[in-house]
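The chain contents come next:
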Amino acid sequence: MTETTWPTSWLKGFLELAVLAIIAEGETYGYEITSQLEANGFGAIKGGTLYPILGRLEEANLVDTQWRAGDSGPGRKYYLLTPDGGAELRSRAETWRAFSTNLTALLKDHS
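Residues numbered from 1 in each chain as written. Predicted model: local features only at pLDDT ≥ 70, side-chain atom pairs only at ≥ 80, totals over all residues. Heavy atoms only, no water.

> I would appreciate a short explanation of the pattern of salt bridges in the present structure.
Proximity of charged atoms lets side chains of opposite charge pair with each other. In total, this model carries 5 salt bridges according to the counting rule given. A salt bridge links R68 to E27, with the nearest nitrogen and oxygen atoms 2.6 Å apart. Residue R68 is located in strand 2 (residues 63-68), and its partner E27 is located in the loop between helix 1 (8-24) and strand 1 (28-29); the two are separated by 41 residues in the primary sequence. In this structure, K77 and E58 form a salt bridge, with 3.2 Å as the shortest nitrogen-oxygen distance. With K77 in strand 3 (residues 76-81) and E58 in helix 3 (residues 47-59), the pair connects residues that are 19 residues apart, well separated along the chain. Owing to a relative accessible area of 23%, K77 belongs among the partly exposed residues under this scheme. Sharing partners across several salt bridges, the network here consists of E16, R56, E88 and R92. (Salt bridge = Lys/Arg side-chain N within 4 Å of Asp/Glu carboxyl O. Helix = DSSP H or I, 4+ residues; strand = E, 2+ residues; numbered from the N terminus. Buried < 20%, exposed > 50% of the residue type's maximum accessible area, 1.4 Å probe, protein only.)

> I tried to follow the packing of helix 1 against helix 4 (residues 83-107) on my own but got confused; where do I start?
To describe two helices that pack against each other, one gives the angle between their axes and the distance between the axes. With their axes 10 Å apart at the nearest point, helix 1 and helix 4 run at an angle of 130° to one another. Judged on the interaxial angle alone, helix 4 and helix 1 are oblique. Helix 1 and helix 4 meet at a crossing whose hand is left-handed. For the pair formed by helix 1 and helix 4, the contact residues are F14, E16, L17, L20, A21 and A24 on the first element and E88, L89, R92, A93 and W96 on the second. (Axes fitted to C-alpha atoms, helices over the stretch in contact; angles between N-to-C directions. Parallel < 35°, antiparallel > 145°, perpendicular 65-115°, else oblique. Left-handed = near helix turned anticlockwise from the far one by under 90°. Contact = heavy atoms within 4.5 Å.)

> Is there a simple way to explain helix 4 in this structure?
The α-helix advances 3.6 residues per turn, and as a result positions three or four apart in sequence lie on the same side. The end-to-end C-alpha distance of helix 4 is 36 Å, a good match for the 36 Å that 25 residues give at a rise of 1.5 Å each. Those residues of helix 4 that sit buried are G85, G86, L89 and A93. (Expected span 1.5 Å × (residues − 1).)

> What am I meant to see in the packing of aromatic side chains here?
The tally for this structure, following the rule as stated, stands at 4 aromatic pairs. Between Y29 and Y78, the aromatic rings sit 5.3 Å apart at their centres with planes inclined by 65°, giving edge-to-face as the arrangement. With Y29 in strand 1 and Y78 in strand 3, this residue pair connects regions lying 49 residues apart in the sequence. Y78 shares its class with Y29; the two are buried. With a centroid separation of 5.6 Å and 40° between ring planes, the pair formed by W96 and F99 is classed as tilted. Taken together, the residues W96 and F99, both in helix 4 and 3 residues apart, mark about one turn of the helix. Take F99: its relative accessible area is 48%, and that puts it in the partly exposed class. Above the face of the Y78 ring, R68 is positioned so that its terminal group lies 4.3 Å from the ring centre. (Phe/Tyr/Trp six-rings, centres within 6.5 Å; stacked < 30°, edge-to-face > 60°. Lys NZ or Arg CZ within 6 Å of the ring centre and 35° of its normal.)

> Is there a simple way to think about the sheet that holds strand 1 in this case?
The strands that make up a sheet pair up through hydrogen bonds in the backbone, lying either parallel or antiparallel. Pairing is antiparallel across the open sheet formed by 3 strands, whose spatial order is 1-3-2. Here the strands that pair on one side only, and so sit at the sheet edges, are strand 1 and strand 2. Sheet topology places strand 2 next to strand 3; 6 bridges connect them, and they run antiparallel. Following the sheet pairing, Q66 is matched in strand 3 by Y78. Contacts between helix 1 and the sheet are confined to strand 1, strand 2 and strand 3, with strand 3 contributing the most and set at about 90° to the helix. (Pairing = 2+ DSSP bridges.)

As structure tokens, then:
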């Protein structure tokens, strides 16, 4: 299976966690987040999918935002993980690892 064939329902299940993990690496903006997702094998994530996630994360106080003027174009909205966002990332990552371990064990005889 290639990165462009992941079922949409799978992407919906983990995309917030992946976005939090990318933002945890340091301040970033939307296009860079989509580039990182693609570089990590998750395919091209469209803005119409990403920006509602970023909005929910901001509304939940998991990320802070800051507008900055662009060097040669429009400004960019940068995202930075809040302390609550870091705690949420750790919690979701732990839950994901447990889920993944259980699913892997279930599928081991079906490969």
